[in-house]
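Summary of structural features
The residues making up each chain are set out below.
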Amino acid sequence: MKRRSGFQVMARLIGLVKPLTGFMLLAILMGLIGHLCAAFITIFGGYAVLEALHFDTPFTLTALFVCVVVFAVVRGFLRYAEQACNHFIAFKLLALLRDKVFRALRRLCPAKLEGRDKGDLISVITSDIELLEVFYAHTISPICIAVIVSAIMAAFLAGYHWLLGLYALGAYLVIGLLVPVAAAKSARRSGEEFRASFGALNGFVLDSLRGVRESLQYGDGPHRLAQINARTDKLSSQERRLKLAGGTAQAVTGGIILLLDAGMLALAAGLAQNGTIGFD
C-alpha cells in the first residue's frame, strides 16, 4: 500500500472536523480575541509608562489601567472557553475514531489478532487514538490563531515603521515554522523507534498472556517476566531520549525568542536614534 505523506494524513484528520465546524470557528474567534487581549495588556502598559513620563498618548492613565484590567479578565474567560470548545471537538472526534476502529476490528477479529502486527493494532486502539487529542485540541485552532494574530501584530508594528513589521513577520516565521520543522526532523527517528518498540511490546505481552498456562507448566514465568522487564526498560530509555529532544527543542526555541526580542529592541532603538521614529 502506498504510504501517505504527513500532510495527506492531516488533511484527512481535519476533514473529520466538518460536522463540528461551528465549534472550531468559535474556538478560533475566542482564541484570536484572547491573544490580542494578552498582547495589548503589554502594549497598554507601555502607553501607561509613556503617560507617566508625560508623553502625549491617546489615553488617560485611568483609562489605561481600566483597559488592562478588562483585558486580563476577558483573556482568562476566553482562554477557558477556547479550550472548552477545542476539547469538546477532540473528545467527540476521538469517540468517532474509536467507533470506526472497533467496527473494523469486528470484521477482522479474531483472525487479525493472530497476525504479526497485533501489537501495532493494540497501539492504534489505545495510545495512537489518544494522542490525536493533542492534534484536535491543541493544534488546529492554535495554528489558525497564530497565523491571524501574527499578521495583525506585524501590521500593527508596520504602522510605526515598515522595517519593524517586516522584522516581526520574519521572527514569527522562524519561531512558528522553521524551528518546529527542524525539531520534528531531529526527533523523527526517535519517535519512530519508540512507536515500533511500543507496538512490539504490546504484541509480546499479548503472546505472554495467551501462553501463560504453558509458562506456568514449564516454569518459564520468571524468564518471560525478565524479557518483559527488559523490553520495558528499553522502551523507557527510548522515551527518555524522545523527551530530551522535546526539552532541547523548547530550550532552543526560548533562546531564539530572546535573541529575536533583543534584535527587535536594537532595530527600534536604531530607528529612534536616526530620528526615523520617536522614542514614544
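Let us look at the overall build of the protein chain. Helix and strand counts for the protein chain come out as eight helices and zero strands. Its C-alpha atoms give the protein chain a radius of gyration of 26 Å, more than 25% over the compact-globule value 19 Å for 280 residues. Based on the C-alpha atoms only, the size of the protein chain along its principal axes is roughly 90 × 35 × 35 Å. The buried share of the protein chain, reckoned over its 280 residues, is 27%. A separation threshold of at least 6 residues defines the contact pool for the protein chain, and within that pool the share at least 24 residues apart is 80%. When the accessible surface of the protein chain is summed, it comes to about 18000 Å², and 69% of that surface belongs to carbon and sulfur atoms.

This part is about the pattern of salt bridges. Pairing is possible between side chains of opposite charge, provided their charged atoms come close. Inspection of the entire model under this criterion finds four salt bridges. Notably, a salt bridge pairs glutamate 82 with arginine 79, separated by 3.5 Å at the nearest N-O pair. Taken together, the positions of glutamate 82 and arginine 79, both in helix H3 (residues 61-108) and three residues apart, correspond to about one turn of that helix. Note that glutamate 239 and lysine 243 form a salt bridge whose closest N and O atoms lie 3.8 Å from each other. Of this pair, glutamate 239 and lysine 243 both sit in helix H8 (residues 221-273), four residues apart, which is roughly one turn of that helix. A relative accessible area of 59% places lysine 243 in the exposed class. Salt bridges here are not isolated pairs; linked through shared partners, they connect Arg189, Glu193 and Arg241.

Here we come to the environment of glycine 45. Position of glycine 45 among the secondary structure elements: in helix H2 (residues 21-52). Taking the C-alpha atoms as reference, glycine 45 lies 33 Å from threonine 248; in sequence the two are 203 residues apart.

In this fold, glutamine 8 is placed in helix H1 (residues 6-15). Sequence-wise, glutamine 8 and threonine 276 are 268 residues apart; in three dimensions their C-alpha atoms are separated by 47 Å.

Before going further, it helps to examine the side chain of serine 215. Note that serine 215 resides in helix H7 (residues 212-217). Contacts of serine 215, omitting those with residues within four sequence positions, involve Asp220 and Gly221.

Turning next to H2. Under the 1.5 Å per step criterion, the end-to-end length of H2 is 46 Å for 32 residues, consistent within 8% with the ideal 46 Å. Where H2 bends most, the angle comes to about 25°, and this point is phenylalanine 40. Downstream of H2 by one or two residues, histidine 54 has phi in the positive range, about 70°.

Low pLDDT marks stretches whose predicted atomic positions should not be read closely. The share of residues in the protein chain with pLDDT of 70 or more is 90%, and the mean pLDDT across the chain is 85. Mean pLDDT values for the elements of the protein chain range from 69 in helix H4 (residues 118-138) up to 94 in helix H5 (residues 140-158).

Right, let's get into a nonpolar patch on the surface. Where nonpolar side chains cluster on the molecular surface, the patch consists of Leu26, Leu29, Ile33, Val66, Val70 and Val74 and spans about 450 Å² of accessible area. Mapped by element, the contributors of at least two residues to the nonpolar patch are H2 and H3. Given a relative accessible area of 47%, valine 66 falls into the partly exposed group.

Even without being glycine, histidine 54 reaches a positive phi, approximately 70°. Mapped onto the secondary structure, histidine 54 falls in the loop between H2 and H3.

Cut-offs and rules
- Residues numbered from 1 in each chain as written.
- Predicted model: local features only at pLDDT ≥ 70, side-chain atom pairs only at ≥ 80, totals over all residues.
- Heavy atoms only, no water.
- Helix = DSSP H or I, 4+ residues; strand = E, 2+ residues; numbered from the N terminus.
- Rg over C-alpha atoms; globule rule 2.2 N^0.38 Å.
- Buried < 20%, exposed > 50% of the residue type's maximum accessible area, 1.4 Å probe, protein only.
- Contact = heavy atoms within 4.5 Å.
- Areas by Shrake-Rupley, 256 points an atom, 1.4 Å probe, with all protein chains shown as cover.
- Salt bridge = Lys/Arg side-chain N within 4 Å of Asp/Glu carboxyl O.
- Expected span 1.5 Å × (residues − 1).
- Bend = angle between axes of the 7 residues up to and from the residue.
- pLDDT = per-residue confidence, 0-100.
- Patch = residues over 30% accessible without salt bridge, like charges linked within 9 Å, V, L, I, M, F, W, Y side chains within 5 Å.

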